[in-house]
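Residue-level structure breakdown
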Amino acid sequence: MLIAGEKPPLLLLDPGGAADGRAAKKSLVRLTYPFLQLKDVAAASTSIANGYPAVVLIIADGSVQDAAALCSRLFEAATSNPPAMVLLSGKPLAAVPPQLAAQFVAPFDWDVIVDRLEQLLMLAMLRRDQSALGTLLQLSRVELVTIDTESQSCRVNDTLAVLLALPGADTPASRRSRLQPIHWQKLFDHSDEPDRQRVLDTVSGAFESGMGFEAEYDVRIDRLHKRRVRVTGHPSHGTPGTPPRRLDLVIQDVTPVESRSTSDAANRLLDTTLGLRHGDRVLQSLMRIGQEHKKGTILLLRLQGLADFYRHHGYETGGVLLRTFAEGIETSLRNVPGVVRINPNKEQVLARLAGGEFVVLIPDMTDDQSMVGPLSRLLEATRSAVNADERLKLINTRIGMATWPKDGSSPDVILKAASLACDYFSMSDCDGPGTITAAVVRAREQARLEYELHHAIERGQLQLHYQPKLSIPDGRIVGFEALLRWQHQKGLFVPPAIFIPIAERTGLIAQLGEWVIERAAEQIAQWRSDGLGLVQVAVNVSPQQMVTGDVVASLRGACARQIIEPLFLQIELTESCLIDDAEAAMKLLAEIRRLGCQIALDDFGTGYSSLSYLRRLPLDILKIDRSFISGIGEEQGESSLAFNILGIGRSLGLKVIAEGVASAAQWDALCRWRCTEAQGYLISPPVPPIAGAAMWRHGRWDGAAHKLRLPAAAAQSAA
């Protein structure tokens, strides 16, 4: 019998000693599983009958008939949990028994044999672990069910049907019918009102909010008996900003018994310390307080790293430590002005949602300055707890803040906003009362920006501005780089340095990238219809867009819809796009090149590309990063890195563009070095399309004044 924690054993039945050869021993030594080598068939049969081996390797040294008889004898010995058997023989069997997992015929490749044995032993270990997990769930009175949020359906096994008292749970007919999915609400048909409606509302809310929950309710077994059931919901998220694709429910029988085990008590240490244990009760209290107070602030504490914490210290010790930690935070907040008791019947101001998430409510206060006191107490309590017991260092505390009604009017929306703010908070940024308030406020603002960025496209808040590229030899504009700008609903522009990292973090960057490609192609077509001819525009492609988005399809579709040649839609990518999977990136670049788009390597010099690697890339343009341009001048001359990068570009036959040109000295140096093109604030900042059109028509570079000149009428029109 296999025991959890042990590796499954291998039995070698080798009457002739074939496994004692040099080649066999050299390969068998690779096995990391225990094995027993026997020469006696009777001893092997006894071992198999006792359930010892998980895999048996049979080495037959006689005729084919002898090998078949040997296998039959061993098959008969396996009464229950038969092992996987592998046969090595001089000739193949005429009819391979279905009990054989594999058969090898001499001459033997022992490396291949050992690989097959390892696969079978690993499979035996996985089966053992799966069986142990099933036993554990059964002993814990826990069942699992998954709800598909699109079809609103789930499947129910026999034990779950019994636990939830579903009708006819023990009849063959009902078992056959349960092979078909049922609507999830039927899971709660036998719960008493108002429990049933409360649980239905909680589960439905999880579909919309994507938040986990914990709830308890009674199942009516018969007229006189009930069963107490705890339901914990774990949404499985799809793409950011969309409802969960499925909801996993953990359903546990928590019917009170006269005596509870020590482990059960340890798991409830934290719960019994706090005034509100269940997530649904917290939501009800939030709704009540929200109705009593028209505005306020919620602080959400998230304790991360609990799995590692329990793994290091065990549930009993970990539960005691965590309870002490929670008591310290509770005590520190109890006398802070403005903080209210969430449970009116108890003194606690700290309430547990689920897992390691806790909430604190401060009604009637929404300004940041009023939060200095509560946040300072939180920081002090957290650090005091860690200083008192360093074992708590494994727990990473995050704090999220949200206000109502600004961040939402319903409890689940407010909690979601606070949870989102937790993702941006870092305790390492806090070294005093002022810094923790600033960190929490900054995290809240970033969370709000993330939420609003999801709707920026549909609200029409995104724009493209165009920075001109100037030909250095003849001083005329030869193209533009399209740069994304976000005009926030307050009327101010959010800097790209703030919203681009948020887009990359949330996965929105691929969607924004597709939007940029489409709008840039549309602008090229618009300029053409306005009589400017075909203007070349470059768009930036992020590493995530190359991985998650179909860049080639986006380019092809945009060019087809706007009826423009791909040559006029240029692609700019950074070296970081090429690092993770160089071969895949090269194939993608080759597809873009075949489409007809030119490819520029942006910010060159800041990554890790070698010269030999650059030669393999299908590039057209090399852009010198602005950090190298900012350092050039008369005093450096040809010793600068920019000069050497320019030489690399020429040696590869690439057009070289210097970006970030901001001074006359930089321009003059680029002229001396015969650089092809330049862009930067010395020439022009990024401008709206109408100003870009005026520059394309009338812009001329004044080399003496180091200025882009426009006729007065054109300048006034652009302005």
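So, the overall build of the protein
- When helices and strands are counted, the protein shows 25 helices and 26 strands.
- By the burial criterion, 50% of the 719 residues in the protein qualify as buried.
- When contacts within the protein are restricted to residue pairs at least 6 apart in sequence, those whose partners lie at least 24 apart make up 66%.
- As presented, the protein carries roughly 34,600 Å² of accessible surface, and 53% of it is formed by carbon and sulfur atoms.

Brief notes about the sheet that holds strand S2 (residues 35-38)
- With respect to topology, 5 strands assemble into an open sheet ordered S2-S1-S3-S4-S5, the strand pairing being parallel. Bordering the open sheet on either side are S2 and strand S5 (100-105), each of which pairs with just one other strand. Neighbour-to-neighbour, the strand axes of the sheet open up by a mean angle of 15°, direction not taken into account.
- Where strand S4 (residues 84-89) lies against S5, 5 bridges are found, and the strand directions are parallel. For Met85, the partnering residue across the bridge sits in S5 and is Leu100.
- With respect to the sheet, helix H2 (residues 41-49) is in contact with strand S1 (10-13), S2, strand S3 (55-59) and S4, its orientation differing from that of S1 by roughly 160°.

Details of the pattern of salt bridges
- Scanning the model with the defined rule gives 18 salt bridges in all.
- Here Arg228 makes a salt bridge to Glu216, at a shortest N to O gap of 3.1 Å. Taken as a pair, Arg228 in strand S10 (residues 226-236) and Glu216 in strand S9 (residues 213-220) lie far apart in primary sequence, 12 residues in all.
- Counted as one network, the salt bridges with shared partners bring together Lys469, Glu481, Glu572, Lys623 and Glu659.

A closer look at unusual backbone geometry
- The omega torsion across Ala106 and Pro107 is 0°, close enough to zero to call that bond cis.
- With respect to the helices, strands and loops of the structure, Pro107 is situated in the loop between S5 and helix H4 (110-139).
- The backbone phi angle of Gln152 is positive, close to 60°, even though this residue is not glycine.
- Considering the arrangement of structural elements, one finds Gln152 in the loop between strand S6 (142-148) and strand S7 (153-154).
- In this structure, His706 is a non-glycine residue whose phi angle is positive, near 50°.
- Tracing the backbone through its elements, the reader meets His706 in the loop between strand S25 (700-702) and strand S26 (707-709).

Concerning the packing of aromatic side chains
- Evaluation of the coordinates by the stated rule reveals 11 aromatic pairs.
- Ring plane angle 70° and centroid distance 5.5 Å describe the contact between Phe188 and Tyr217, whose orientation is recorded as edge-to-face. Highlighted residues: Phe188 in the loop between strand S8 (182-183) and helix H7 (195-209) and Tyr217 in strand S9, separated in sequence by 29 residues. Summarising the burial analysis for this pair, Phe188 and Tyr217 share the class buried.
- The rings of Trp184, Phe188, Phe207 and Tyr217 are connected pair by pair, giving a single aromatic cluster.

Regarding the nonpolar core
- In this structure, Leu555, Leu569, Ile592, Trp667 and Leu670 are the most contacted members of the largest nonpolar core, which totals 122 residues.
- For this core, the leading source of residues is helix H16 (residues 509-529), giving 10 residues.
- Excluding its chain neighbours within four sequence positions, the residues that come into contact with Leu555 are Ile517, Leu569, Ile571, Ile592, Leu595 and Cys597.
- In terms of nonpolar packing, the next biggest core, distinct from the first, is built from 27 residues, Ala161, Ala165, Phe188 and Leu249 among them.

Digging into the sheet that holds strand S14 (residues 357-363)
- With antiparallel pairing, the 4 strands of this open sheet are ordered in space as S13-S14-S12-S15. The open sheet has two edge strands, strand S13 (351-352) and strand S15 (396-404), and neither has a second partner.
- Where strand S12 (residues 296-304) lies against S14, 7 bridges are found, and the strand directions are antiparallel. Paired with Thr297 across the two strands is Ile362, which belongs to S14.
- Contacts between helix H12 (residues 372-388) and the sheet are confined to S12, S14 and S15, with S12 contributing the most and set at about 15° to the helix.

As for the side chain of Arg198
- The residue Arg198 is located in helix H7 in this model.
- Take Arg198: its relative accessible area is 18%, and that puts it in the buried class.
- Here the side chain of Arg198 touches Glu216 through a polar contact of 2.6 Å, landing on its backbone oxygen.

Quick notes on the side chain of Ser684
- Among the structural elements, Ser684 can be located in the loop between strand S24 (677-679) and helix H24 (689-698).
- The class of Ser684 is buried, set by a relative accessible area of 4%.

Things to note about a nonpolar patch on the surface
- On the surface, Met122, Leu123 and Leu126 cluster together into a nonpolar patch covering about 280 Å² of accessible area.
- Here Met122 is to be found in helix H4.

Some details on the confidence of the model for the protein
- Across the protein, pLDDT averages 78, with 81% of residues at or above 70.
- Ignoring residues within four places in sequence, the model shows residues 169-174, a span with pLDDT below 50, making 8 contacts including any to other chains.
- Overall, residues 258-278 carries pLDDT values under 50, and its contacts beyond four positions in sequence, including any with other chains, amount to 46 contacts.

With respect to the environment of Thr46
- Considering the arrangement of structural elements, one finds Thr46 in helix H2.
- A C-alpha to C-alpha distance of 9.2 Å links Thr46 and Leu74, two positions 28 residues apart in sequence.

The rules we used
Residues numbered from 1 in each chain as written. Predicted model: local features only at pLDDT ≥ 70, side-chain atom pairs only at ≥ 80, totals over all residues. Heavy atoms only, no water. Helix = DSSP H or I, 4+ residues; strand = E, 2+ residues; numbered from the N terminus. Buried < 20%, exposed > 50% of the residue type's maximum accessible area, 1.4 Å probe, protein only. Contact = heavy atoms within 4.5 Å. Areas by Shrake-Rupley, 256 points an atom, 1.4 Å probe, with all protein chains shown as cover. Pairing = 2+ DSSP bridges. Axes fitted to C-alpha atoms, helices over the stretch in contact; angles between N-to-C directions. Salt bridge = Lys/Arg side-chain N within 4 Å of Asp/Glu carboxyl O. Phe/Tyr/Trp six-rings, centres within 6.5 Å; stacked < 30°, edge-to-face > 60°. Core = buried A, V, L, I, M, F, W, Y, C linked by side-chain atoms within 4.5 Å. Polar contact = N/O pair within 3.5 Å; in protein donor to acceptor, adjacent residues only side chain to side chain. Patch = residues over 30% accessible without salt bridge, like charges linked within 9 Å, V, L, I, M, F, W, Y side chains within 5 Å. pLDDT = per-residue confidence, 0-100.

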